[in-house]
Amino acid sequence: MATTAPEAPSSQGVQDADHVDILIIGAGISGIAAAHHARERFGDRSLLILEAQDHHGGTWWTHRYPGVRSDSDLFTYGYRFKPWRGPAIATGSEILSYLDEVIAEDGLTACIRYLHRVTSASWSTADRRWTVEVTRTDTGQRLRFTTGFLWMCPGYYNHDKPYQPRWKGVDRYQGILIHPQRWPEDLDVTGKRVIVIGSGATAATLIPAIAQETEHVTMLQRSPSYFFAPPRQNELAVTLRSLDIPEEWTHEILRRSYIAQSDQLVKTAFENPDALHAFFIESMRPQLPAGFDIAKHFTPRYRPWQQRIGVVPEGDFFAALRSGLASIITDTIETFTETGIEVSSGEKIDADIIVTATGFNMSLFGDIAFIVDGEPVDFTERVTWRGVMISGVPNMAYAFGYLRYSWTLRVEMVCDLVADLLRHMADSRTTMVTPSLRPADAEMERRPFCDPENFSSGYIMRSQDILFKQGAQEPWTHMLEYHEEREILPNIDLDDGSLVYG
């Protein structure tokens, strides 16, 4: 499908607002990290965060389905500068409380403007600044902000348009049809028959959270996923806390421990995927009902870590299956009926509520229209600079974390790199930096945003046609792993010719 850059709205009726040195878009986990590090390194520079939602937290604010939780441990998903004091696997509300504390401790409350949806961003080389146009979603007022440096941290979820396939007969269904991203606050599942379509982390999180209340819940999956059942509480953390070890020490010890575990899993996924496959299958086997068809329902068609691993703390998802309150059907949907779903085998499943936990759509930089010196930016024609900046786009960085390791491990290294870059510009008395292909890069092969042989989750594969590209050589690649980048990113040569200053 061909794509075009979003069209910038007319500037008529736009009111001038603030000018700031650093403008951050998004007040989720990435934007709050960016603000902390910017404040820490550049306390004398003005800072503002624009957030489209009515609260900070990003995913943890918009996703409110029952049981919503992290699928990464919080010692690495949490910030390195802020000790995590809760269980290793945390609920959405626990993560929000943690972010509340960071905002309060850093004095960021006054820096965040909520309900400010950015519609366009225009760079002027002559003025050495970005002009960002915003619509206030509560009043409709249109505002214009300017900044010397734009830091994109909106995440990659499209919070307004979740992914939902087009199924045959869906209009015939007479029950309640919902997507987890739009979970109604007043939905009562008590005594109801529920189908959850999907096999990923959302489905495996939602099912044990509602199984005790429903008459029965059926997980309807087209194909299986890998699952892992760690304890919710880390025993080492419990021991250290009982000894009154300083929280900073506990946080760092557990952080290193979880990083080492992730290193081992990720390296094994590439070097010996069959062994990792066997590990996941055998770890699930004793937690499933006797005689359960693991080959059919829990043996994926892809390599371990070619898609995300579903984390089910304490094996709560497996416990719901053992209890008989939940079951799995692995098949494709033939059609929706008035009372439920008919699958390709001919089996009919009745349901009062159908939840489409089918994933989400990606949003590139918040679907903002970008313009550089009067020319619209088509990101599908651009390449990334180290997964941090975009070729030909001046004074703009973006936050993109890891897909296998915790997201935040990379975000904080990106924060360090951006801060180093801003300091380098100040020291060299330059006001503009643009990633630019060098002569040796001119004929470089352009590759997709993500190689499906590396990572093949549906939300990324569906979005390849709207995303920027990567090159065949450094520094135009991304999708490296933490065990590689933790040596590379802190030691980057900012004068290697791939960044042009002015």
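As shown above, the structure is provided for reference.
1. Some details on the sheet that holds strand E9 (residues 216-221)
- An order of E7-E16-E8-E9-E12 is seen for the five strands of this open sheet, with the pairing classed as parallel. Each having just a single partner strand, strand E7 (176-178) and strand E12 (326-330) make up the two edges of the open sheet. Across the sheet, the mean angle from the axis of one strand to that of its neighbour is 20 degrees, orientation sign disregarded.
- In this sheet, E12 lies alongside E9 in parallel orientation, the contact comprising five bridges. Bridged to Leu220 within E12 is Ile329.
- Sheet strands in contact with helix H10 (residues 316-323) are E9 and E12, and its direction is about 95 degrees off that of E12.

2. So, the packing of aromatic side chains
- Across all of its chains, the model carries 39 aromatic pairs by this definition.
- Seen in terms of ring centroids, Tyr226 and Phe280 are 5.6 Å apart; in terms of plane orientation they differ by 45 degrees. Their pairing is tilted. Placement of Tyr226 in the loop between E9 and strand E10 (227-228) and of Phe280 in helix H8 (residues 273-284) is noted, with a sequence separation of 54 residues between them.
- Using a relative accessible area of 1% as the deciding quantity, one classes Tyr226 as buried.
- Ring geometry for Phe449 and Phe468: centres 5.3 Å apart, planes at 75 degrees, overall edge-to-face. Of this pair, Phe449 sits in the loop between strand E23 (446-447) and helix H12 (458-461) while Phe468 sits in the loop between H12 and strand E24 (470-471), and the two are 19 residues apart along the sequence.
- Directly above the ring of Phe42 sits Arg45, whose terminal nitrogen or CZ lies 4.4 Å from the centroid.
- Cation over ring: Arg64 sits above Trp61, and NZ or CZ is 4.2 Å from the ring centre.

Parameters and conventions
Residues numbered from 1 in each chain as written. Predicted model: local features only at pLDDT ≥ 70, side-chain atom pairs only at ≥ 80, totals over all residues. Heavy atoms only, no water. Pairing = 2+ DSSP bridges. Helix = DSSP H or I, 4+ residues; strand = E, 2+ residues; numbered from the N terminus. Axes fitted to C-alpha atoms, helices over the stretch in contact; angles between N-to-C directions. Contact = heavy atoms within 4.5 Å. Phe/Tyr/Trp six-rings, centres within 6.5 Å; stacked < 30°, edge-to-face > 60°. Buried < 20%, exposed > 50% of the residue type's maximum accessible area, 1.4 Å probe, protein only. Lys NZ or Arg CZ within 6 Å of the ring centre and 35° of its normal.

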